[in-house]
Amino acid sequence: MAEPHVEEVIQGHPETAQEVDLALKPEEEAFLLSTTGLADADALKKLILDMQAEAAEAFPYPCIRRFDFVKCKISRLPCYGQLLSLVKDDPTALLLDIGCCFGTDVRKAIADGYPANNIIASDLRPDFWHIGHKLFMSDPATFPVTFVPGDVLDKTFIGTAPPVYDVPPLQRPELRSLRGLAPLAGHLRAIHASNFFHLFTEANQSAVAHALGALLAPTRGSMVFGTHVSRPKKGLRTEAPPPAPGYLGNRMFCHDAQSWMDLWDGEVFRKGTVRVEAQIVEQAREDLVVLNPGVTFYQLVWCVTRL
Ligand SMILES: C[S@@+](CC[C@H](N)C(=O)[O-])C[C@H]1O[C@@H](n2cnc3c(N)ncnc32)[C@H](O)[C@@H]1O
């Protein structure tokens, strides 16, 4: 049998992804049943598959194919406890989820006590956010997170301010009236950015890091954190297959742990004014082994905290 074309493998075998990836952990299933209000796991599975199909039509990111949108990844990050302590100490603390997709991670943070009114979620593709409302059976009245659609690479949207070092700006912007993220400069206590940075070139990863750094409040303990694809040595992910729709393949630029730390401590922020934790974790990825048997997959798990 002829070797299938990479695109065909990615787009033509959703059933493989379903069998391999829709293996909800018991706590994830419990979270989804309680947030959707559904009574049984079969109805939940059908809803997830229907929403996956809709989202793949909007844009076929690998994370959609792999059901990342139901996996509450934020709570698996080592600094998740730090986020919950931060908001316990300061219930007015603003959190931004950038590249939020369906908004599952902020829903998990809300279930764990983060006030929904103090959360901003942002994504280039509002379709994903709307599908999130369908999946979780919510609407803006029942789920009062502020959603601000836009492109993080658009300077009019994200802003061009340098990081704030002294006192936080006085007037907190009215979240409901936000049309971009620039007015949040110096106001955010926490930013979550998962599976996001690796979508961009090295220069754009740096630009996005600078822009997000400028949104962070100067208050000690303010944090930006997340996870994304990495390599033990920074560079293009040459060990991956060629690009396909929604998949950067061997054109993806990856930081290593040291280059990521150097970017935040010394470039985005003045050296010594942040603590950066960054750790590379090797992951098993059955879906990528289908494409390339020799593939090794690394995630960078990281947190930058202002000192
Ligand atoms: C791979 S998904 C990750 C979603 C989620 N954070 C997670 O961890 O599962 C990347 C998300 O970033 C969004 N995105 C891509 N490019 C963007 C841009 N230039 N500005 C803002 N969001 C963008 C996509 O629409 C998508 O929802």
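As annotated in an unreviewed UniProt entry, the protein carries the name Methyltransferase domain-containing protein and is attributed to Trametes coccinea. Its UniProt record, at the heading Sequence similarities (unreviewed entry), says of the protein: "Belongs to the class I-like SAM-binding methyltransferase superfamily." Here the protein is described in UniProt, under the heading Pathway (unreviewed entry), as follows: "Secondary metabolite biosynthesis."

Participant: Can you lay out the nonpolar core for me, pointing to particular residues and giving the numbers?
Facilitator: Ranked by size, the top nonpolar core spans 77 residues in total, and within it L96, L188, I191, L212, L215 and M223 carry the most contacts. Top element by residues in this core is helix α10 (residues 202-215). It accounts for 6 residues. Counting the residues that make up this core, at least three belong to each of domain 1 (14-69) and domain 2 (72-306). Beyond its immediate chain neighbours, meaning those up to four positions away, L96 contacts I120, S122, L184, L188, I191 and L215. Counting residues in each nonpolar core, the second largest holds 7 residues, with A240, L248, F253 and C254 among its members.

Participant: Give a detailed account of the site of the ligand, specifying residues and quantitative values.
Facilitator: Contacts to the ligand come from 18 residues, most closely from G99, C101, L124, V152 and S194. Classifying every residue of the shell around the ligand gives 10 nonpolar, 3 polar and 5 charged.

Participant: Tell me about the packing of helix α4 (residues 41-58) against helix α8 (residues 126-136), and name the residues and values.
Facilitator: If you want to describe how two helices pack, look at the angle between their axes and the distance between the axes. At a minimum axis separation of 10 Å, α4 and α8 run at an interaxial angle of 170°. The orientation of α4 with respect to α8, classified from their angle, is roughly antiparallel. In contact with L47, M51, E54, A55 and A58 of α4, α8 contributes D127, F128, I131, K134 and L135. Taken together, the residues that form the contact of α4 with α8 break down as 7 nonpolar, no polar and 3 charged.

Participant: If you had to explain helix α6 (residues 80-89) to someone new, which residues and values would you point to?
Facilitator: Those residues of α6 that fall on the buried side of the exposure criterion are Y80, L83, L86 and V87. Relative to the axis of α6, the buried residues are bounded by an arc of 120° and lie together on one face. Seen from the buried face of α6, the exposed residues on the opposite side, beyond 90 degrees, are G81, S85, K88 and D89.

Participant: Residue-level account of the environment of H133, with values.
Facilitator: Among the structural elements, H133 can be located in helix α8. H133 gets classed as partly exposed once you count the C-beta atoms within 10 Å, which come to 16. When sequence neighbours within four positions are dropped, the list of residues in contact with H133 reads S138 and D139.

Participant: Which residues make up the sheet that holds strand β1 (residues 94-98), and what are the values?
Facilitator: With respect to topology, 7 strands assemble into an open sheet ordered β3-β2-β1-β4-β5-β9-β8, the strand pairing being mixed. At either margin of the open sheet sits one strand with a lone partner, and together these are β3 (146-149) and β8 (274-283). Across the sheet, the mean angle from the axis of one strand to that of its neighbour is 15°, orientation sign disregarded. Sheet topology note: the strand β4 (residues 188-194)/strand β5 (residues 223-230) ladder contains 5 bridges and is parallel. Looking across to β5, one finds that A193 is bridged to G226. On the sheet, helix α7 (residues 104-111) packs against β1, β2 (119-123) and β4 and is oriented at approximately 155° with respect to β1.

Participant: Let's hear about the environment of T227: which residues, and what values?
Facilitator: Mapped onto the secondary structure, T227 falls in strand β5. In sequence terms T227 and A278 are 51 residues apart; their C-alpha atoms lie 9.2 Å from each other.

Participant: Describe helix α11 (residues 257-264), and please don't skip the residues or the numbers.
Facilitator: For α11, the set of buried residues is A257, W260, L263 and W264. The buried side chains of α11 occupy one side of the element, clustering within an arc of 125° when seen end-on. Buried residues belonging to α11 abut α10, β8 and β9 (297-306). Positive phi shows up at G266, right after α11, with a value of about 130°.

Analysis parameters
- Residues numbered from 1 in each chain as written.
- Predicted model: local features only at pLDDT ≥ 70, side-chain atom pairs only at ≥ 80, totals over all residues.
- UniProt positions renumbered as here; feature names shortened; annotations may be inferred.
- Core = buried A, V, L, I, M, F, W, Y, C linked by C-beta atoms within 7 Å.
- Buried ≥ 20, exposed ≤ 12 C-beta atoms within 10 Å, placed from the backbone.
- Helix = DSSP H or I, 4+ residues; strand = E, 2+ residues; numbered from the N terminus.
- Domains from an automatic or database assignment.
- Contact = placed C-beta atoms within 7 Å.
- Near = placed C-beta within 6 Å.
- Nonpolar A, V, L, I, M, F, W, Y, C, P; charged D, E, K, R; others polar.
- Axes fitted to C-alpha atoms, helices over the stretch in contact; angles between N-to-C directions.
- Parallel < 35°, antiparallel > 145°, perpendicular 65-115°, else oblique.
- Arc of directions from axis to C-beta.
- Pairing = 2+ DSSP bridges.

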